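What follows is the residue order along each chain.
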Number of protein chains: 2
Amino acid sequence: MLVLINGSPEHLVSSSDRGLNYGDGLFETIAVANGKPQLWQSHLDRLNLGCQRLQIPTPEPQLLWNEALGLTQHCNCGVLKILITRGIGGRGYTPAYNPKPTRILSLHSQPQYPSHWWIQGIKIRTCNTILSTNPILAKIKHTNRLEQILASMESKDPNTAEGLMQNITGQWICGTKTNFFLVQSKRLITPPINNCGIIGIMRNYIMAKARNHGWQVLECPVETSDLMRASGIFVTNSIIGIWPVQSLDSRQYDTDALPLNLRRLWLQDITCTPLTTIACDD
Amino acid sequence: MLVLINGSPEHLVSSSDRGLNYGDGLFETIAVANGKPQLWQSHLDRLNLGCQRLQIPTPEPQLLWNEALGLTQHCNCGVLKILITRGIGGRGYTPAYNPKPTRILSLHSQPQYPSHWWIQGIKIRTCNTILSTNPILAKIKHTNRLEQILASMESKDPNTAEGLMQNITGQWICGTKTNFFLVQSKRLITPPINNCGIIGIMRNYIMAKARNHGWQVLECPVETSDLMRASGIFVTNSIIGIWPVQSLDSRQYDTDALPLNLRRLWLQDITCTPLTTIACDD
């Protein structure tokens, strides 16, 4: 694993870093294909939104791009992670007046998932751990992720690829590491991300692609009855792209409700998953 | 600052540590007086509760005590911090099956606050940042602290010592770094910590002391009208002990609603704040 900390090839940070002590930071997990970070500007925009919300100075865009490209230029297929913390200093929770953020870029290999998950779909489950509601922390990819960790620990079954999480009033918001869409004929429905959850880069990308291809895309609260009524579900994130859902607990779904050829077409330029690299007759 | 990481005098941790990446950890901030960590067993109990909730292996108690005492034995007055993270490993949010926690103990000098805050009381304010509700994360001192950070950043006024935080339904839960009590004749009222907030070690200690001295102590939800009705308010944490409240926004309070001699008496053995070290006629 290649790591740059504030531009230097290191892999250690101070034990006083506020990221370690309070989760006082933000991150982005970015697909790398053909030597380049994909959907860069969208990731940068979300990172900047997070910095504004948390009042952490935003990293200089050209510097970040140069460091990213330095790590990824010889990488055909991988994952770039950017982690920005508020750095050291302050008294307890109160930060220093002029924080000097810690900037960590690291290059990772792609996680290995079964390739049939992209084609034949995945099994998912409902989680018991709820997502708490706080508009000021919604949308952004901050490093307070205990709820997702606890939700992901609920199942040890390696064949269950993801879990869906509810807010405290019972609406379904997202997966532990993905956003989700319901499919009903040529309509996609995905929950709004105003009070909890992360506004996925792949979520927004798919929404735009679908609209360009004549699909109706709605952001609506999703109740359990909506999950039951949908003909299809799929989950998205920047690294996997799209996984169609085969089953949610005991309920079965049509994994081709969003047709395979469209999933391939929409993702072909921006991911190097089995969906885009396996020949069409697989 | 003295630091021990997994028993070794170091001050650097891996940039892959889950504490840094996801806030996947717990901490304790413990008063040191006369060479010893104070209220040790209470802190250890809360740390263990946190480890159980997050499914992080609990540190071995004797090892932790030995390391703590090694750091504090020559310290007359200070702060011991224990930080336990889940360490390195796992895939994204999902932890490794057998995590090897990172154990960081560090000794700090006492924060310098004006000594009159203990005697004449403090000015506090109400915060706009809310505390989100999630029973699984309530009580424990985990390292997902962005809400407290954002709340503490709302005011730059060095004369405002603390801010009170509400949950989403408008009940007052705690300060950004303290618990609080309302005083009404010989009755103390403090909010329950079941759905959000941290169950303070000093909070529990004061509740027990007060009951022993014939005070009635109630855990009840606190609405704004209760704040307005109280004759006194005080805030507590392990490091400061007790600060009486002079004013909350524009509302004034009787800083001696919990009498000074009782505050001194209750705290004399366990803190080395100005309250317990300044002569009684100050």
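Residues numbered from 1 in each chain as written. Chains lettered and ligands numbered in written order. Predicted model: local features only at pLDDT ≥ 70, side-chain atom pairs only at ≥ 80, totals over all residues. Heavy atoms only, no water.

**Brief notes about the domain arrangement of chain A**
Residue and element names in this part refer to chain A.
At step 1: Per the domain assignment, the segments of chain A are domain 1 (2-109) and domain 2 (116-277).
At step 2: Tallying the contact residues gives 26 residues for domain 1 and 22 residues for domain 2.
At step 3: Here domain 1 is connected to domain 2 by zero salt bridges.
At step 4: Our enumeration of links across domain 1 and domain 2 arrives at nine residue pairs in polar contact (both at pLDDT 80 or more).
At step 5: In terms of residue count, strand β3 (residues 25-33) provides more of the side of domain 1 that touches domain 2 than any other element does, nine residues in total.
At step 6: Per-class residue counts for the side of domain 1 that touches domain 2 are 13 nonpolar, nine polar and four charged. (Domains from an automatic or database assignment. Contact = heavy atoms within 4.5 Å. Salt bridge = Lys/Arg side-chain N within 4 Å of Asp/Glu carboxyl O. Polar contact = N/O pair within 3.5 Å; in protein donor to acceptor, adjacent residues only side chain to side chain. Helix = DSSP H or I, 4+ residues; strand = E, 2+ residues; numbered from the N terminus. Nonpolar A, V, L, I, M, F, W, Y, C, P; charged D, E, K, R; others polar.)

**A short note on the sheet that holds strand β6 (residues 102-108) of chain B**
Sheet strands pair by backbone hydrogen bonding; their relative direction is either parallel or antiparallel.
Residue and element names in this part refer to chain B.
At step 1: Across the sheet, five strands lie side by side as β1-β6-β5-β3-β4; this open sheet has antiparallel pairing. What marks the edges here is a single partner per strand, and that holds for β1 (2-5) and β4 (36-37).
At step 2: As defined by bridge partners, β1 adjoins β6 across four bridges and the pair is classed as antiparallel. Looking at the pairing, L4 lines up with L105 of β6.
At step 3: On the sheet, helix α2 (residues 40-54) packs against β3 (25-33), β4 and β5 (77-85) and is oriented at approximately 175° with respect to β3. (Pairing = 2+ DSSP bridges. Axes fitted to C-alpha atoms, helices over the stretch in contact; angles between N-to-C directions.)

**Quick look at the relation of the copies chain A and chain B**
At step 1: Of the two same-sequence chains, chain A is brought onto chain B (RMSD 0.0 Å, axial shift 0.0 Å) by a rotation of 180°. Here the copies are linked by what is in effect a two-fold axis. (Least-squares fit on C-alpha atoms with pLDDT ≥ 70 in both.)

**Some details on the side chain of T273(A)**
All names here are of chain A.
At step 1: Here T273 is to be found in the loop between α8 (260-267) and α9 (274-277).
At step 2: For T273, a relative accessible area of 0% corresponds to the buried category.
At step 3: Residues within four places of T273 in sequence aside, it is in contact with W118, I239 and I240. (Buried < 20%, exposed > 50% of the residue type's maximum accessible area, 1.4 Å probe, protein only.)

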